[in-house]
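Residues per chain are reported as follows:
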Amino acid sequence: MSASRSRRSYTQDFKDDLCREVISTSKPVVDVAKSYGIGAETLRRWLIKYRETHNSPDAAATGAELARLKVLEKENRELLAENLFLKKASAYFAREQR
């Protein structure tokens, strides 16, 4: 009772074009897939493969960049803690004295 369904095949250029459209326009995957008549999950799998094979130079971080990022994240945490402390202190001194 199962109907024989022929499997559609797409060229790599077509797949890459759709992936570039999703990435460059920031359209939802579902919308792009629907407009071309393919499944959203199929396009998501193509996107994963596309991103693996077409890494941009700024996507891959070197060891030095990772170390710098770690330092900046630590500094950011410290600054956020100081900011929170100063907000609490200003709220304490801003309230009316009895």
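Structure's up top.
Parameters at a glance
Residues numbered from 1 in each chain as written. Predicted model: local features only at pLDDT ≥ 70, side-chain atom pairs only at ≥ 80, totals over all residues. Heavy atoms only, no water. Helix = DSSP H or I, 4+ residues; strand = E, 2+ residues; numbered from the N terminus. Areas by Shrake-Rupley, 256 points an atom, 1.4 Å probe, with all protein chains shown as cover. Polar contact = N/O pair within 3.5 Å; in protein donor to acceptor, adjacent residues only side chain to side chain. Contact = heavy atoms within 4.5 Å. Core = buried A, V, L, I, M, F, W, Y, C linked by side-chain atoms within 4.5 Å. Buried < 20%, exposed > 50% of the residue type's maximum accessible area, 1.4 Å probe, protein only. Salt bridge = Lys/Arg side-chain N within 4 Å of Asp/Glu carboxyl O.

A.B. asks: I keep staring at the overall build of the protein chain and nothing clicks. Help me out?
C.D. replies: Helix and strand content of the protein chain: four helices and zero strands. For the protein chain, the N- to C-terminal ordering of α and β elements is α-α-α-α. When the accessible surface of the protein chain is summed, it comes to about 8,900 Å², and 54% of that surface belongs to carbon and sulfur atoms.

A.B. asks: Please clarify how the side chain of Glu 21 should be interpreted in this entry.
C.D. replies: Within the fold, Glu 21 resides in helix α1 (residues 12–25). At a separation of 3.4 Å, a polar atom in the side chain of Glu 21 contacts the side chain of Lys 27. Glu 21 has contacts with Ser 26, Lys 27, Val 32 and Tyr 36, leaving out every residue within four places of it along the chain.

A.B. asks: I tried to follow the nonpolar core on my own but got confused; where do I start?
C.D. replies: The tendency in soluble globular proteins is for nonpolar side chains to be buried side by side. If you look at the biggest cluster of nonpolar residues, it comprises 11 residues: Leu 18, Cys 19, Val 22, Val 29, Val 32, Ala 33, Ile 38, Leu 43, Trp 46, Leu 47 and Tyr 50. Mapped onto this core, the elements with two or more residues apiece are α1, α2 (29–36) and α3 (40–53). Examining the composition of this core, we find that four residues originate from one element, α3, more than from any other.

A.B. asks: Looking at this structure, I do not really get the pattern of salt bridges. What am I missing?
C.D. replies: Where charged atoms from two side chains of opposite charge approach closely, those side chains can pair. Enumeration over the complete set of coordinates arrives at three salt bridges. Two residues, Lys 27 and Glu 21, come together in a salt bridge whose shortest N-O distance is 3.4 Å. Overall, the relative accessible area of 19% leaves Glu 21 in the buried class. Among the salt bridges present, the one from Glu 41 reaches Arg 44, with a minimum N-O distance of 2.8 Å. Residue Glu 41 and its partner Arg 44 are both found in helix α3; the two are separated by three residues, about one turn of the helix. Note on Arg 44: relative accessible area 32%, which makes it partly exposed.

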